[in-house]
Amino acid sequence: LQEERDRHAGLEAAWQEEKRRNEKSQDQLAALGQHTAELSGELSGQLQNLQHSERNRRESIEAAVEATQTLREVREELARSQAFALEEKEKYEIQLKRRTAKVQELKKALA
């Protein structure tokens, strides 16, 4: 009977030890789950920040491309305007020379 009691006490002690280890493992697992959730939250926040930064970068590039295109168009329009102005100036100078020559002819004719 004593042997049975000793064996029972040994089994009880082993069961209590196993129960303690299980509780410790569950606590560690819960802590690991909490830590994992925290890391997941941090990574999610970082991912959102990266996505926001990428969207801003893309929008900046698109704005720069649009500004470059607008600048190109303005330069082209300016070049056309300058060419037109130069043509008009040349026409005016030719007309001025002709009229000056006519005035000189009239002056000579009157003199």
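What comes next is a walk through the structure. (Residues numbered from 1 in each chain as written. Predicted model: local features only at pLDDT ≥ 70, side-chain atom pairs only at ≥ 80, totals over all residues. Heavy atoms only, no water.)

### Looking at the overall build of the protein
Counting secondary structure elements, the protein contains one helix and zero strands. Here the C-alpha radius of gyration of the protein, 47 Å, is well above what a compact globule of 111 residues would show, namely 13 Å. Projecting the C-alpha coordinates of the protein onto the three principal axes gives extents of approximately 160 × 10 × 10 Å. Taking all 111 residues of the protein together, 0% fall into the buried category. Carbon and sulfur atoms make up 56% of the accessible area of the protein, which amounts to about 10400 Å² in all. For the protein, the centre of its 20 positive side-chain charges and the centre of its 22 negative side-chain charges are spaced 18 Å apart. (Helix = DSSP H or I, 4+ residues; strand = E, 2+ residues; numbered from the N terminus. Rg over C-alpha atoms; globule rule 2.2 N^0.38 Å. Buried < 20%, exposed > 50% of the residue type's maximum accessible area, 1.4 Å probe, protein only. Areas by Shrake-Rupley, 256 points an atom, 1.4 Å probe, with all protein chains shown as cover. Lys, Arg positive; Asp, Glu negative; His and termini not counted. Charge placed at Lys NZ, Arg CZ, Asp CG, Glu CD.)

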